Every structure is written in structure tokens, then in C-alpha cells.
Amino acid sequence: MQPDQTPSTRPLFLDPAQPLADRVADLVGRMTLEEKLGQLVFNAPAIARLGIPAYNWWGEALHGIARNGRATVFPQAIGMAATWDPNLIERVASAIGDEGRAKYHATLRRYGETGHYQGLTFWSPNVNIFRDPRWGRGQETWGEDPYLTGELGAAFVRGLQGDDPRYLKAAACAKHYAVHSGPESKRHAFDAQVSPRDLHTTYLPAFKKLVTEAKVEAVMGAYNRINGEACCASELLLVDILRGEWDFQGHVVSDCWALNDLHTTHGLTADGAESAALAVKRGCDLECGQTFEHLGAALERGLLDEIDIDRAVTRIYTTRFKLGMFDPQEQVPFSAIPESVINSDAHRQLAYAAALKSVVLLKNANNILPLRDLRSLYVLGPTAANAEVLMGNYYGVSESLTTLIEGIVARTPEGVRLEYRPGTLLLHVPASPSTWTTMAAARSDVVIACMGLSPQMEGEEGDAIESPVNGDRVDIGLPAVQADYLRLLKSNGARLVLVLTGGSAIALGDIADLADAILFVWYPGQEGGAAVADVLFGAASPSGKLPLTFPASLDQLPLFEEYNMAGRTYRYASEAPLYPFGFGLSYTRFIYRSIQTPDEIKAGAPLTVQVKLTNAGAVDAEEVVQLYLSKLEPAPGDPFYTLVGFERMALAAGETRTIDFTLSPDRLATVDNAGKVAVRPGAYRLIAGGSSPGLRSTALGAATPVETTINVIQ
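Residues numbered from 1 in each chain as written. Predicted model: local features only at pLDDT ≥ 70, side-chain atom pairs only at ≥ 80, totals over all residues. Heavy atoms only, no water.

With that out of the way, let us pick up the overall build of the protein. When helices and strands are counted, the protein shows 21 helices and 24 strands. Counting only C-alpha atoms and orienting by the principal axes, one finds that the protein spans roughly 80 × 60 × 50 Å. Among the 714 residues that make up the protein, the fraction classed as buried is 61%. Taking the contacts inside the protein whose residues are at least 6 apart along the sequence as the reference set, 76% of them involve residues at least 24 apart. Surface exposure of the protein reaches about 25,800 Å², of which carbon and sulfur atoms provide 50%. Between the centroid of the 62 positive side chains of the protein and the centroid of its 82 negative side chains there is a distance of 4 Å. (Helix = DSSP H or I, 4+ residues; strand = E, 2+ residues; numbered from the N terminus. Buried < 20%, exposed > 50% of the residue type's maximum accessible area, 1.4 Å probe, protein only. Contact = heavy atoms within 4.5 Å. Areas by Shrake-Rupley, 256 points an atom, 1.4 Å probe, with all protein chains shown as cover. Lys, Arg positive; Asp, Glu negative; His and termini not counted. Charge placed at Lys NZ, Arg CZ, Asp CG, Glu CD.)

Structural data, given as C-alpha cells:
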């Protein structure tokens, strides 16, 4: 409300008692055409005569408030995916939303306005499918499975946006819509060819979940084309599916400078005016970029009408109103969140819990872990004292980062002789021809080798400065300098515990056999060192599960540019991987006792499943119970297996519990070649276990799964 206004004279759009749609319509109706055009870009200017402040829509919150100073740094998204814990993810996202609100209002109080990365609209989460480990931005995703991605992504949206019936805590954004997962070097010109079956089986389900169930406020279009159409101006994606089939009510934003690609690299339009007009008419409401500067010319040329502009402005302003930007702050509950929540003790504990549950134990020969009865310990490796491997990409910064070496030192009992040396470099051969570490380390009881990848080697173009291909990886193996060093350590007799950082699968080759134990810890966030150390020393049992398949080599993968799902992920790959999707060991032993279902159900009916699980070991621990479906007589193109349910359970030593699943009818559905989704009659197999089905899982130590069959009838 302006200072000289009274309730009787103030504009309708400033009256919180009026319906939302009426308020938005009133405000848009007061804008001139020029003012409306100016609002459709990410750095929207102020409209002083209406009392509307400038607003920058560009914000990032992938695993914490990013690029805006101090914040709690949670594990990278792919690490949080390894928790398989939607409840935890929702709590993390709620904490991120709290910090975003606190930072936003603190900035308003200090400066009267906010700028780049300081708003309440966050372009997260990334729910693209991580179909190929070469993709450097796969670390931003929730893995390779559409169901797991949808469940965790939806939990993130719920937490970030809050549950207030009137106001959004923050506005989440599902990106990058759709069929987008590299190569980074070709993203501005690439045309992803995808079948209707793969589109509706793999690439769209997570987006659908976020739109139709989690009610995500925004969707971001991808850079690439799909079957000839630019994603940011696609009639199929934006008109037919998003607004039509799914009835999306929020706003659509382009990826940054993606609309420029329509006429420069995709060759779909002649110039900026045509690109801007096509995007708006297809339903892109907001641009990150500069192509919408040509909207005035597009109107003059008759390429679109003012009603198209009004529609877009209405959608984006609806979001701003839902965020409470035009209401008295005392009426917006989230405006009272104090600055003290930023990197608070509670949020640091939450970051620790997420890091702890993300740690995946891939190998534990002769139960070398947890570490006990040591007299000497040698820690080495290029990631041990490296703070960057805690943060991944799209990160905030924290004054309390615990590196791996700091966590290990804090946990090592006094009296244990501990030494630390880098030993080798991440990627490059050391300049020195000699090293003192290999023989000295071998004389210690245990060597903890902190190795793997860093965000400089994988990520987005421009960020991953050690990647020669715009952030992607050419080779998915452990860098040769690290592998050679580990071989040298082992040849000198070291008992080797390998702690690997990274945001994607690493094909270890012979290193998988040389190491006595292997922990994969992702980019674990600011509390990563403490969490990893607690797993190493047995203060907690590892419980993370892989959200993606680790192939044995590139030879097992189709071409990077190929978007056909044949041969990809656990659902369609026929070759045995290095480590399977869903795999992860524990310090205890779980036994799957039984699985019970009805013998028969009708198509379209829900399915109840009971799984009995025992913790047969001596350690309290958590297990992620995974439920998979397969058809006994699959049609060509059907997945080998499909994840249809999962539940993280805590079991005390010796405890037996029964886990109940109720599968909605769509969990049994398959997609035909035309893209039609239906539950088809026939015999199905249901498998419950602690990893995806297959001989490789049990060979690596996963519990023997239990299975049953069920008939689906018309």
C-alpha cells in the first residue's frame, strides 16, 4: 500500500481480501504494453508509478541456497538421491526454503530491493533422467529411475514451497523440460530423437509427478530440440502435454539464452522476433535471456497479439502474488523466519543426516570396516583435504565446512598414530618423480585413500574447468594417475579403504578388486567429512543405495548422443554392471523372509504387498526395501524390471518387521509404441530386495531377494 492510500482508495490488486485472479487481472490491466513487455524477462525492471519493485527471477537452490553468500550446503542432489528417503528430502528442502526466505527479507530490510540470486523463485529441482554417466550435470539429478526421481523430486518441491494454503514459501521449478541429459557441448543445437514409448516411460513421468501431484509452480524448458521441436517452444511438450494433458497452472521459463538458439543454432525461425513470438504463443511466459527484447517488433509484425502478452504476464504475476510480494508482510507467515536459521545448528544436523544416509558401501572384504583396534592409520589422496569436493555445483558457501581429513582426525582415537599426505593429484601426473608415501603408508594398519572426481572435472559448461568437453566426461574410469597410485600402494602391501567422491558412476576396473573396502560418498556437503568418518569408524552403519547403475566400462553403453533407452540403465541394459542400481551394503546382515500379494487382481485396481524383513546381524541399521516389477512375457521394448515401490526402514539388531506397500494402478502400467499408457492383463513377477534384481547384486553381497507372481485380469 502506498503511504497516502486508504483502504477505500487503494488499488484492488493491493487488497489481500480480494480473490487472487481478480488482483492479478487488476494489476495487469493497469500496465501499459511497454511495461508488460518489460516484465517478461528474468531481470524485470520496476514500475514506479504502480509501486512495483524490480525483481530478478533467477535463483538457484539445488542443494541449498546457491550463489548468494552464506547458506547450509547440503549434499549434492545425486547424493541426496542415494538416501532413498523422501521424508528427509522434504525436510532438507523445507530448510532451504526457510533460508531463502530469511535471506530475501533480510536483503529487503537492508536495501529495499533484491537482486540476482536473491529472490524467492528457485530454478530447482533438476528432474532430468541420468541416462548416461558421461553427462557432467547428472550430479544435479535424482538418478536414472523415473519413479525414484519423481518421488524425491516431488518431496523436494513440497518442502521448498511449503504447505501454507495461501502462500508459497518459495517457488520451485522443474527443469529441464524435457529429454535433456547431454552432451553439454551440443546442447544448444542438439535434436534428441525419442520414441513415444521412451518419452512416456522414461523422460516424462517425473515431470508429470511434480506438475500433477506436487503442484510445482514453474517449469523450465530445455535448450535442445525434441523430434525437431525446440523444447522452449514445443507444441507437443508445452501445449499438448503440459498445459493440456497435465493442466499445468504455473508459469514456464526458458533456460538461459535458449530462445536465442531457435534462430541461431536450431534454425527454426528467421530472427529474434520470430523466436520470441513462437515461444510466447506456445506457452513460454518468462525468459532467461534477451530474445524477448524483440517482442515489440513481433507485435508490430503481427506475429502475436497483446492477448498473448497478457496471458504470460498474468501467469508470472500470479506466482509473485502467491509469494506474498504485494501483501503486508505481517500477513505472510514466512516473512517472520529469522536470519538465525541460516546455517543454524538444526540445519547443520540435517546436512549431516543427509550426508550420512547418502554414503554407499560398495565393498567390505573381510569386514575391514568399521575400523577398530588400530595402532596406525595413513590418510592420503587428493580429495582428503579438498573442500571443493564437498560442494558439487550450484552451491552456496558456508563458514563450517568439514573436509574428509578433518572428519577422520576428529574421529580417530588418541593413541592411534595418524599421518596424512596428498600422495597424488586428481587428474595430472605429479611433477615430482618420487613420493615418500607408498611404502610408508603400507606400514600402517590401514590406508584410507580419498580419491575420485571433483566438480572441476564434471558439471556445466563454464564451471567444470578441467573438462575438455564442456563439463562432460570422455572417460568414466578413475583418472589414470589415481589408479596407478592405488596399484602402487597395493603392490607395497597396503590394506586399502577407498573413499570415492564424485557425482556420477566411476568404472573402477581392477581397482574394484584391489581395494579392501570402497565407500562412495558423492559430493557430500558441508558435513560430509563428519558423516564419512562416522561410517568409517562405525558410529553409524552405511545405508545409502545407488540411484544409478555403475557400468563396468564405456563398452557397455550406447553412443552418448543416442536417446533410445535400449541398453541403458538397469531397466534396459542386459550386461552385468560393475555395481547395480539400488545396491549398497551394510554393517549388518538383512534377510528378506517373504513377500505376499493376492494371487490375482483386476487391471485398474490397487495392489497390496507385504514384505517381511529381518536384521539378522548384531548392529542396528537401516535398509531400503525395494520392490520391482517385471512381466513374465514382456512385449518388445518393455523394461526388464521397473521399480514400483521403496521404503527406508530402521531395524534394531535381531528385529523382524513387515513392510506394507499399496501400489496405485499406474505402477503396473506399461507404455506401447504409440505412447499409450495402460495396465495390460497377464502374469507379473514382484521382487523385493535390497538392490535391483540380478545375479550381480547377490554376487556382490546384497541380500537374496524374495519374489512372487500375480495375475492381472480384465
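We are not done yet, so read on.
It is at 8 Å that the axes of helix α5 (residues 146-161) and helix α7 (residues 205-212) come closest, and there the two elements cross at 30 degrees. The pairing of α5 with α7 is recorded here as roughly parallel in orientation. The hand of the α5/α7 crossing is right-handed. Each of Pro-146, Thr-149, Gly-150, Glu-151, Gly-153, Ala-154 and Val-157 in α5 lies in contact with α7, whose residues at this interface are Pro-205, Ala-206, Lys-209 and Leu-210. Counted by class, the contact of α5 with α7 contains six nonpolar, three polar and two charged residues. (Axes fitted to C-alpha atoms, helices over the stretch in contact; angles between N-to-C directions. Parallel < 35°, antiparallel > 145°, perpendicular 65-115°, else oblique. Left-handed = near helix turned anticlockwise from the far one by under 90°. Nonpolar A, V, L, I, M, F, W, Y, C, P; charged D, E, K, R; others polar.)

Moving on, we get to the sheet that holds strand β15 (residues 590-596). By definition, the strands of a sheet pair up through backbone hydrogen bonds, in either a parallel or an antiparallel sense. Read from one edge of the open sheet, three strands run β15-β17-β20, paired in antiparallel fashion. Looking at the sheet topology across the chains shown, the edges are occupied by β15 and β20 (656-663). This sheet shows a mean twist of 25 degrees between the axes of neighbouring strands, independent of strand direction. Pairing of strand β17 (residues 607-615) with β20, which is carried by eight bridges, proceeds in the antiparallel orientation. (Pairing = 2+ DSSP bridges.)

Mapping Ala-512 onto the fold places it in helix α18 (residues 511-514). Apart from the residues lying within four places of it in its own chain, the contact partners of Ala-512 are Lys-363, Ile-518, Leu-578 and Tyr-579.

Note that side chains of opposite charge can pair when their charged atoms are close. This model, assessed by the stated rule, comprises 50 salt bridges. When the shortest N-O distance is used, the salt bridge between Glu-460 and Arg-187 registers 3.1 Å. Here Arg-187 lies in the loop between β3 (173-177) and β4 (191-192) and Glu-460 lies in the loop between β12 (446-452) and α17 (480-491), a separation of 273 residues in the sequence. Given the relative accessible area of 10%, Glu-460 is considered buried. Classification of Arg-187 by relative accessible area gives buried; the value is 5%. Arg-311 is the salt-bridge partner of Asp-308, the closest N and O atoms lying 3.2 Å from each other. (Salt bridge = Lys/Arg side-chain N within 4 Å of Asp/Glu carboxyl O.)

A few words now on α17. Between the first and last C-alpha of α17 there are 16 Å, a value that for 12 residues agrees with the 16 Å anticipated at 1.5 Å per step. Those residues of α17 lying buried are Val-481, Gln-482, Ala-483, Tyr-485, Leu-486 and Leu-489. Packing partners of the buried residues in α17 comprise β10 (376-380), α16 (437-442), β12, β13 (496-501) and α18. With its phi angle positive at about 95 degrees, Gly-493 sits one or two positions after the end of α17. (Expected span 1.5 Å × (residues − 1).)

Attention now goes to the side chain of Glu-460. In this structure the side chain of Glu-460 is engaged in a polar contact, spanning 3.1 Å, whose partner is the side chain of Arg-187. Those residues in contact with Glu-460 that sit more than four places away from it in its chain are Arg-137, Glu-184, Arg-187, Asn-393, Tyr-394, Asn-470 and Gly-471. (Polar contact = N/O pair within 3.5 Å; in protein donor to acceptor, adjacent residues only side chain to side chain.)

A sheet is described by the order of its strands in space; here five strands give the open sequence β16-β24-β23-β18-β19, paired in mixed fashion. The open sheet is flanked by β16 (600-602) and β19 (642-651), the only strands paired with a single partner. Neighbouring strand axes in the sheet, compared pairwise and without regard to direction, differ in orientation by 25 degrees on average. Two elements, strand β23 (residues 682-689) and strand β24 (residues 706-713), share seven bridges in a ladder whose sense is antiparallel. Its bridge partner lying in β24, Ala-688 is registered against Val-706.

The first and last C-alpha atoms of α5 sit 22 Å apart over 16 residues, in line with the 22 Å expected at 1.5 Å per residue. The element α5 is largely enclosed, with a buried count of 15 among its 16 residues. N-capping of α5 is provided by Asp-145, with a side-chain oxygen placed 3.0 Å from the backbone N of Tyr-147. Positive backbone phi, approximately 80 degrees, marks Gly-162, located one or two places after α5.

Another aspect to go through is the packing of helix α15 (residues 404-411) against helix α19 (residues 528-536). Where α15 contacts α19, the axes come no closer than 7 Å and their chain directions differ by 45 degrees. By the angle between their directions, the pair α15 and α19 is classed as oblique. Two packed elements cross with a definite hand, and for α15 against α19 that hand is right-handed. Taking contact as the criterion, the partners of Leu-404, Gly-407, Ile-408 and Arg-411 in α15 are, on α19, Gly-528, Gly-529, Ala-530, Val-532, Ala-533, Asp-534 and Leu-536. Considering only residue class, the contact of α15 with α19 consists of six nonpolar, three polar and two charged.

Next up on the list: unusual backbone geometry. In this structure, His-176 follows Lys-175 across a cis peptide bond, with omega equal to -10 degrees. Counting through the fold element by element, His-176 comes out in strand β3. Look at the link from Gly-182 to Pro-183: it is a cis peptide, with omega at 0 degrees. Relative to the helices and strands, Pro-183 is located in the loop between β3 and β4. Although it is not a glycine, Lys-215 sits at a positive phi angle of roughly 60 degrees. One can find Lys-215 in the loop between α7 and β5 (218-221). In this structure, Trp-522 takes a positive phi of about 60 degrees despite not being glycine. Position of Trp-522 relative to the elements: it lies in the loop between β14 (517-520) and α19.

Tracing the backbone through its elements, the reader meets Asp-132 in the loop between α4 (86-111) and α5. At 2.8 Å, the side chain of Asp-132 and the side chain of Arg-568 are in polar contact. Apart from residues no more than four positions distant in its own chain, Asp-132 is found in contact with Leu-557, Pro-558, Phe-560 and Arg-568.

Moving on to the nonpolar core. Of all hydrophobic cores here, the largest spans 125 residues; its most connected members are Trp-123, Tyr-177 and Tyr-317. Ranked by the residues each element gives to this core, the list is headed by α5, at eight residues. Formed by 78 residues, the second largest nonpolar core is a distinct cluster that contains Val-521, Leu-536, Phe-583 and Ala-702. (Core = buried A, V, L, I, M, F, W, Y, C linked by side-chain atoms within 4.5 Å.)

Glancing now at the environment of Gly-423. Mapped onto the fold, Gly-423 is located in the loop between β11 (417-421) and α16. On the accessibility criterion, Gly-423 (22% relative accessible area) is partly exposed. Between the alpha carbons of Gly-423 and Val-379 there is a distance of 9.2 Å; along the sequence they are 44 residues apart. When sequence neighbours within four positions are dropped, the list of residues in contact with Gly-423 reads Thr-435, Thr-437 and Tyr-485.

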